[in-house]
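# Results of the structural survey
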Amino acid sequence: MLVLKLTGRIFDEEDLVAKYAAIIRRIGGKVAVVTGGGEVARRYIAMARKGGASNTFQDLLGIYASRLNALLLISLIGDDAYPKAPSTVEEFLDAWRRHRVVVAGGFQPGQSTATVAALVAEAAGASVLLNAANIDAVYDDDPRRNPNARKIPTLTYDELERILKTSVVPGGYELVDPWSISILRRNCVTTYIFDGRRPEYVEEILRGGNPGSKITC
Ligand code: U5P
């Protein structure tokens, strides 16, 4: 069983979407995927916010954008995939029992798809979550501002929480939000964070590699 979180940025690049779809088709066994909202979500949320829309509607736009990305992936995977993006944990579980592949976007306002990925990993009983992120690893400081920032290959959720409090990880909130950390930690799920622009890393991690950061409880 594989649980894979795909940053919405992947959906800004045609080739990447096709490559992830091919990997999911190729991998044997069950695959649960959670897709982020990417550029479409950010653009719609920004327009809604500018016009004075409520947080609820801003989040709903993000959720629909992430489901649009999910549906694109579903359409490329074919018959193995549940044909819609489940909108709740219950719908995910129902689909998960009957299909080899289930692809979800957002669930409800007030969270990001990082939390959906944690909830899906918990519901599926997964011990590992692969996070194809918009950064290549966790750093001890912001690598854009600090040229001496160092990659951290292995860390615990407690350490990650400390880093997120004291420094700005680029895309940090998208990577993990506080709720997702607590869900992953209570299930002792191991998370691999890696550069989402490198789909080949999925199979490298499945072979025992760690091209980015590995987070344990
Ligand atoms: N979002 C939610 N609930 C979810 C998932 C996503 O409200 O369960 C909204 C948030 O506004 C989030 C946006 O910032 O969709 C896009 O998701 P993400 O790509 O930031 O994870």
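UniProt lists the protein chain under the name Uridylate kinase, with Pyrobaculum calidifontis given as the organism. One UniProt comment on the protein chain, placed under Sequence similarities, says "Belongs to the UMP kinase family."

This part is about the packing of helix α1 (residues 14-26) against helix α3 (residues 55-77). Relative placement of two packed helices is described by the angle separating their axes and the distance separating the axes. Interaxial distance between α1 and α3 falls to 9 Å at its minimum, and their mutual angle equals 55°. Judged by the inter-axis angle, α1 sits oblique to α3. Classified by chirality, the crossing of α3 by α1 is right-handed. Every residue of α3 that contacts α1 at Val17, Ala18, Ala21, Ile24 and Arg25 is listed here: Leu72, Leu73, Leu76 and Ile77. Residue classes in the contact of α1 with α3 are distributed as eight nonpolar, no polar and one charged.

This brings us to the UniProt feature "binding site: UMP" in the protein chain. Taking the UniProt record as the reference, the feature "binding site: UMP" is found at Gly37, Asp59, Phe107, Gln108, Pro109, Gly110, Gln111, Ser112 and Thr113. A compact arrangement is adopted by the annotated residues: their sequence extent is 77 residues, whereas the largest C-alpha distance between any two is 14.2 Å. Checking the named residues against the largest pocket, the ones that line it are Gly37, Asp59, Phe107, Gln108, Pro109, Gly110, Gln111, Ser112 and Thr113. Mapped onto the elements, Gly110 comes out in the loop between β3 (101-104) and α5 (113-124). Looking at Gly110, the relative accessible area reads 62%, which means it is exposed. You can see Ser112 is positioned in the loop between β3 and α5. Within the structure, the side chain of Ser112 is placed 3.1 Å from the backbone nitrogen of Ala114, a separation counted as a polar contact.

This paragraph deals with the packing of helix α4 (residues 89-98) against α5. For the pair α4 and α5, interaxial distance at closest approach is 10 Å and the crossing angle is 45°. Relative to α5, α4 is oriented oblique. Viewed along their axes, α4 and α5 form a crossing whose handedness is right-handed. Only Leu119, Val120, Ala123 and Ala124 of α5 make contact with α4, whose side of the interface consists of Val89, Phe92, Leu93 and Trp96.

Rules and cut-offs
- Residues numbered from 1 in each chain as written.
- Predicted model: local features only at pLDDT ≥ 70, side-chain atom pairs only at ≥ 80, totals over all residues.
- Heavy atoms only, no water.
- UniProt positions renumbered as here; feature names shortened; annotations may be inferred.
- Axes fitted to C-alpha atoms, helices over the stretch in contact; angles between N-to-C directions.
- Helix = DSSP H or I, 4+ residues; strand = E, 2+ residues; numbered from the N terminus.
- Parallel < 35°, antiparallel > 145°, perpendicular 65-115°, else oblique.
- Left-handed = near helix turned anticlockwise from the far one by under 90°.
- Contact = heavy atoms within 4.5 Å.
- Nonpolar A, V, L, I, M, F, W, Y, C, P; charged D, E, K, R; others polar.
- 1 Å grid on protein atoms, 1.4 Å probe; cavity = no way out; pocket = protein on both sides within 12 Å on 5 of 7 lines; lining within 4 Å.
- Buried < 20%, exposed > 50% of the residue type's maximum accessible area, 1.4 Å probe, protein only.
- Polar contact = N/O pair within 3.5 Å; in protein donor to acceptor, adjacent residues only side chain to side chain.

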